[in-house]
Amino acid sequence: MKHQPSFFDGGQRLQMTESIELTIQSLQAYGPDHPHWGIAWSGGKDSSATLTVVTWLIDTGKIRAPETLTVFYADTRQELPPLAIAAEQIMDELRERGIRVEVVTAPMDKRFMVYILGRGVPPPNNNTLRWCTRQIKIDPMEQALRDRLDQLDGQILMITGVRQGESAIRDRRIEMSCGKDGAECGQGWYQQVLPNARGLRGRIATLAPLLHWRVCHVWEWLKHWAPEADFGDWSTAMIADAYGGDEAEEINARTGCVGCALAAEDTALDTVLLVPQWQYLRPLKGIKPLWRELREPKHRIKKAGLERLKDGSIAKNPQRMGPITLEARTMGLERILAIQTECNDAARAEGRPQISLINSDEEARIRALIAANTWPDGWEGDEPAADTVMPVVYQNGAVQPLLFGAGE
Ligand code: SF4
């Protein structure tokens, strides 16, 4: 099939061809040393481009196929719905080609919704509590790799979608942050943390063959090249469409969880909602404010005074705020379920795909954890509400009494 004309034709197309050529060179340089390859794929734009480019290069004989290729789809259960739907289709296309695909999901009690709403751990934030990426992406991927390595001899070459653009490459810098330059959450961690993980050290190498791609190349590939038969006939246009269709080339959207508690804005979701057929997902805008609300003192408990830790030392921050109350967890669960119902009622009415924020197993587990009065380690649930006014306790044990006692 002939390549469809796009704004990219001409000089920029040449750049695209050069980018692909560099990708081929990096795979030819490092690939043959490794009989087994894995691809860490989250369904976001960068790792989807990486997955489809690498598979196409193998299919067309432009690079030599490894002995085994395993695609690890990191399903956090938090993906933006249009991306989750596209990922399902791409998985079908991979399996049709005989490629092994493993869906990697955190164990039930470690999943984002269950951990927050069932166990009561506050939603992550950028400062003290960024537990999410490791727990819902990295740890499950490490485990999947360990399991796969048990079946194989030698090393795995793990291919990631880390993409840094030209300036970062000049600086030989790989960002861990998923907030930089529209990067895809988790990919930098896969690149840097996985090779050193327990049980994996020395057994995995990593390669980011699209490291030098600019974001416009990623969109161009997903929207105009990969869907064509000559380049693999992939269902990747949906990914670009999810970010605004023809406008997608202009958008350097970070990809990650829907309602990510760490991102300043819901950029990806906002862009999705500009597309008429995705507007039924508008209730998802209620997720991010809910995470913010659940971090407020009125929904949490706190330590009453000095806290002695397991090792006998005194905790640095007396009266620290802790988990979410059982009532607030129930409120959060009902809110998420209401958002899901509202989206799915509209989906049914409009003949659009339904979404799954919390499935029936997860809901049952959350309710069971709440009913069992479950608290994170180090908490009993009988601590005071975090908005209780109390004398201030300092780490040296000094107490600053209340200026006015209760009732005064
Ligand atoms: S996208 Fe946001 S909420 Fe999801 S794992 Fe990354 S930082 Fe955490």
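Nothing here was measured: the structure is a model prediction, and the numbers come from that model.

Rules of the game
Residues numbered from 1 in each chain as written. Predicted model: local features only at pLDDT ≥ 70, side-chain atom pairs only at ≥ 80, totals over all residues. Heavy atoms only, no water. Helix = DSSP H or I, 4+ residues; strand = E, 2+ residues; numbered from the N terminus. Buried < 20%, exposed > 50% of the residue type's maximum accessible area, 1.4 Å probe, protein only. Contact = heavy atoms within 4.5 Å. Areas by Shrake-Rupley, 256 points an atom, 1.4 Å probe, with all protein chains shown as cover. Near = heavy atom within 4 Å. Nonpolar A, V, L, I, M, F, W, Y, C, P; charged D, E, K, R; others polar. Pairing = 2+ DSSP bridges. Axes fitted to C-alpha atoms, helices over the stretch in contact; angles between N-to-C directions. Right-handed = clockwise from strand over helix to strand, strands pointing away.

## Digging into the overall build of the protein
Next up, step 1: Check the secondary structure of the protein and you find 13 helices and 9 strands.
Next up, step 2: Looking at the protein as a whole, 55% of its 408 residues qualify as buried.
Next up, step 3: Taking the contacts inside the protein whose residues are at least 6 apart along the sequence as the reference set, 75% of them involve residues at least 24 apart.
Next up, step 4: Put simply, the protein shows about 18,300 Å² of open surface, and 50% of that area lies on carbon and sulfur atoms.

## A word on the site of the ligand
Next up, step 1: Neighbouring the ligand are 10 residues; Cys132, Cys185, Gly256, Cys257 and Cys260 lie closest to it.
Next up, step 2: At 3 residues, the largest contribution of residues to the shell around the ligand is made by helix 5 (residues 132–150).
Next up, step 3: Of the residues assigned to the shell around the ligand, the class counts are 6 nonpolar, 2 polar and 2 charged.

## Here's the deal with the sheet that holds strand 1 (residues 36–41)
Next up, step 1: Read across the open sheet, the 5 strands follow the order 3-2-1-4-5; overall the sheet is parallel. This sheet does not close on itself; its edge strands, each paired only once, are strand 3 (100–104) and strand 5 (204–207). Across this sheet, the average inter-strand angle for adjacent strands is 25°, counted without regard to direction.
Next up, step 2: As defined by bridge partners, strand 2 (residues 68–74) adjoins strand 3 across 5 bridges and the pair is classed as parallel. In the strand pairing of strand 3, Thr70 is matched with Arg100.
Next up, step 3: Here helix 3 (residues 81–96) sits on the sheet and contacts strand 1, strand 2 and strand 3; the angle it forms with strand 3, its principal contact strand, is near 150°.
Next up, step 4: Sitting on the sheet, helix 5 touches strand 1, strand 2, strand 3, strand 4 (156–159) and strand 5, and the angle it makes with strand 2 is about 155°.

## Describing the pairing of strand 1
Next up, step 1: Where burial is concerned, most of strand 1 is hidden: 6 out of the 6 residues are buried.
Next up, step 2: Residue alternation in strand 1 divides its side chains into two sets, His36, Gly38 and Ala40 and Trp37, Ile39 and Trp41, and both sets are buried.
Next up, step 3: Read as a crossover between parallel neighbours, the route from strand 1 over helix 2 (residues 45–59) to strand 2 is right-handed.
Next up, step 4: In this sheet, strand 4 lies alongside strand 1 in parallel orientation, the contact comprising 4 bridges. Note that in strand 4 the partner of Ile39 across the bridge is Ile159.

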